[in-house]
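The chain contents come next:
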Amino acid sequence: MEPEAPKRRGWDLSKAVAPLLTVLGISVGAWQFSSQMSHESTLEFTRSLYNKKLQAYEEVGKAVGDLLAVPHDEQLWISATDTLAFDSCLERFRTCYWSVLPLVEDSVVVTSMITFKDMARFYRRGENDYHDLAREGMSLMNACNRSLEQHWQKKKQGEE
Amino acid sequence: MIRSLLLSVAFAATASAYAQDPLSQLAGGVSQQWTVVGYTPSAGPCKAGDAIYTFQAKPAQVVVKQCEGGTWKTSTEAITTWSAGGKTGVTFGGAKYEVKTLPSSAPACKGSANCVRLLTMPDGKTDATRTIYLTH
């Protein structure tokens, strides 16, 4: 009769461990699922933010391009015949500036937008020439490009 | 290849030699007084916006006389020069200014032959920049 006692103890132990293991397995599975979902939603958010940024920068690029295309022969100083068209484009850039600026987190892009806005004003007043305006336009677009590159790098790091 | 490299270096050296240091441009060698465009000295109280800047090369400083409430307030600020991305300028009074010589035909110069524009650089905190037009 005595040898039966350890057998019962072993049976009891496995009976106690099995549900624990089941609970542990379910918990780990649930944690993995939720962390995967959270990672996916973070990636989705980053992706949508990238698209928004791209759209905003496209708008900025169009406004800059329109402004730079006003002087048809790229003459050094603004001519009286171009001022009306230039003012209209400048108005569009300012609208873009105020709609995009608050959304942009990149300080380099913000600084470049302010500098270009000032330069457009100075070109309009005959204080700076077309080369200065074109240079600031290019540096603004380069800043936008770098900002997108950095965002893309961050996104790629997040996916890895 | 080496010849074109040497030529580029020579061009760059010549260009930098001709590019005037913004402080010597403002101080005119030793010391020079500039007033804001549109300022006319008068016997009575000064007007809001009136300002006189006296730039000195050594020691590098500027004496700023600004009209506040009809009376002149004077302050002396140390100046440092900066250059970045093809731009040059001076820093004083906690602001970084880009210095540009303007033609007298520029409307802001109101026909003044010696006209410069001091433009504050964006500091990333505010979207507003400040422009000062000076003449002597």
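In this numbering scheme, every chain counts its residues from 1 along its sequence in written order. Each chain gets a letter, beginning with A, and each ligand a number, beginning with 1, in the order they are written. For this predicted model, a pLDDT threshold of at least 70 governs which residues receive local features, and a threshold of 80 or more governs which side-chain atom pairs are given and counted, while totals over whole chains, interfaces and linings are taken from all residues. Each side-chain value is derived from all of the structure's non-hydrogen atoms; neither hydrogens nor water enter the calculation.

Engineer: Is there a simple way to think about the side chain of K117(A) in this case?
Structural biologist: All names here are of chain A. Within the fold, K117 resides in helix α3 (residues 107-124). Working definition: with a 1.4 Å probe on protein chains only, accessible area under 20% of the residue-type maximum means buried, over 50% means exposed, and in between means partly exposed. Of the residues examined, K117 reaches a relative accessible area of 15% and is grouped as buried. Two residues qualify as a contact provided that any one of their heavy atoms is within 4.5 Å of a heavy atom in the partner residue. When neighbours within four sequence positions are excluded, K117 is seen to be in contact with F93, R94 and Y97. Per the convention used, a helix needs a DSSP run of H or I reaching at least four residues, while a strand needs a run of E reaching at least two, with both numbered from the N terminus.

Engineer: Just checking my understanding: could you explain helix α2 (residues 83-100) of chain A for this structure?
Structural biologist: Note that an α-helix has 3.6 residues per turn; residues three or four places apart therefore point the same way. All names here are of chain A. Take the residue count of a helix, subtract one, and multiply by 1.5 Å to get its expected span. For α2, spanning 18 residues, the distance from its first C-alpha to its last is 25 Å, which sits close to the expected 26 Å at 1.5 Å a residue. Taken together, the buried positions of α2 are occupied by F86, C89, L90, F93, C96, Y97 and V100. One side of α2 carries all its buried residues, which in axial view fall inside an arc of 120 degrees. Comment: arc refers to directions from the helix axis out to C-beta atoms.

Engineer: Honestly, the packing of aromatic side chains in this entry has me stumped. Any pointers?
Structural biologist: Each aromatic ring pair is summarised here by two numbers: the centre-to-centre distance and the angle between the ring planes. All names here are of chain A. The pairing test for Phe, Tyr and Trp rings, Trp by its six-membered ring, is centres within 6.5 Å, and the orientation test on the planes gives stacked under 30 degrees, edge-to-face over 60, and tilted for anything in between. Counted by the stated rule, this structure contains 11 aromatic pairs over all chains. Seen in terms of ring centroids, F93 and F116 are 5.1 Å apart; in terms of plane orientation they differ by 70 degrees. Their pairing is edge-to-face. Here F116 lies in helix α3 and F93 lies in helix α2, a separation of 23 residues in the sequence. Overall, the relative accessible area of 0% leaves F93 in the buried class. On the basis of relative accessibility, which here comes to 0%, the residue F116 falls in the buried class.

Engineer: Help me understand the interface of chain B and chain A, please; the structure alone is not making it clear to me.
Structural biologist: Accessible area lost during the coming together of the parts is what is often quoted as the interface size. Taken together, the contacts link 15 residues of chain B with 16 residues of chain A. When two parts are put together, the accessible area they lose, computed with a 1.4 Å probe and summed over both, is reported as buried area. When the two sides are added together, the surface that chain B and chain A hide from each other amounts to roughly 1200 Å², 52% of it contributed by carbon and sulfur. Of all residues in chain B, the largest losses of buried area upon contact with chain A belong to K87(B), P122(B) and D127(B), amounting jointly to 37% of the total for that side. Each reported salt bridge corresponds to a side-chain nitrogen of Lys or Arg within 4 Å of a carboxyl oxygen of Asp or Glu. Where chain B packs against chain A, one counts 3 salt bridges. Ionic pairing is found between K100(B) and D132(A), a salt bridge with its closest N-O pair at 4.0 Å. What qualifies as a polar contact is a pair of N or O atoms within 3.5 Å, subject to a donor-acceptor requirement within protein and to the restriction that residues adjacent in sequence count only when both atoms come from side chains. Across the contact surface, chain B and chain A share 6 residue pairs in polar contact (both at pLDDT 80 or more). The residue inventory of the side of chain B that touches chain A, partitioned by class, reads 8 nonpolar, 3 polar and 4 charged. Amino acid classes used here: Ala, Val, Leu, Ile, Met, Phe, Trp, Tyr, Cys and Pro are nonpolar; Asp, Glu, Lys and Arg are charged; the rest, including Gly, are polar.

Engineer: Looking at this structure, I do not really get α3(A). What am I missing?
Structural biologist: Residue and element names in this part refer to chain A. Along its 18 residues, α3 runs 26 Å from first to last C-alpha, staying within 8% of the 26 Å computed at 1.5 Å per residue. Burial of α3 is extensive: 13 of the 18 residues sit out of reach of the surface. The N-capping residue of α3, defined by a side-chain oxygen 2.9 Å from the backbone nitrogen of V108, is D106. A positive backbone phi angle near 80 degrees is found at G126, which sits one or two residues after α3.

Engineer: What is the right way to look at the side chain of D50(B) in this model?
Structural biologist: Structurally, the position occupied by D50(B) is in the loop between β1 (31-36) and β2 (51-56). With residues near it in sequence (within four places) discarded, D50(B) still touches V36(B), Y39(B), K65(B), Q66(B), C67(B) and W72(B).

Engineer: Please clarify how the pattern of salt bridges should be interpreted in this entry.
Structural biologist: Any two side chains of opposite charge can pair if their charged atoms end up close together. Tallied over the entire structure, the rule returns 12 salt bridges over all chains. For R92(A), the salt bridge is made with D66(A), and the minimal N-O distance between the two is 3.0 Å. Of this pair, R92(A) sits in helix α2 while D66(A) sits in helix α1 (residues 4-69), and the two are 26 residues apart along the sequence. Residue class for D66(A) comes out partly exposed when judged on its relative accessible area of 23%. Residue D118(A) is joined to R121(A) by a salt bridge in which the shortest nitrogen-to-oxygen separation is 2.7 Å. Residue D118(A) and its partner R121(A) are located together in helix α3, separated by 3 residues, close to a single helical turn. Since its relative accessible area comes to 28%, R121(A) is described here as partly exposed. By sharing partners, the salt bridges in this structure join D132(A), R135(A), E136(A), K87(B) and K100(B) into a single network.

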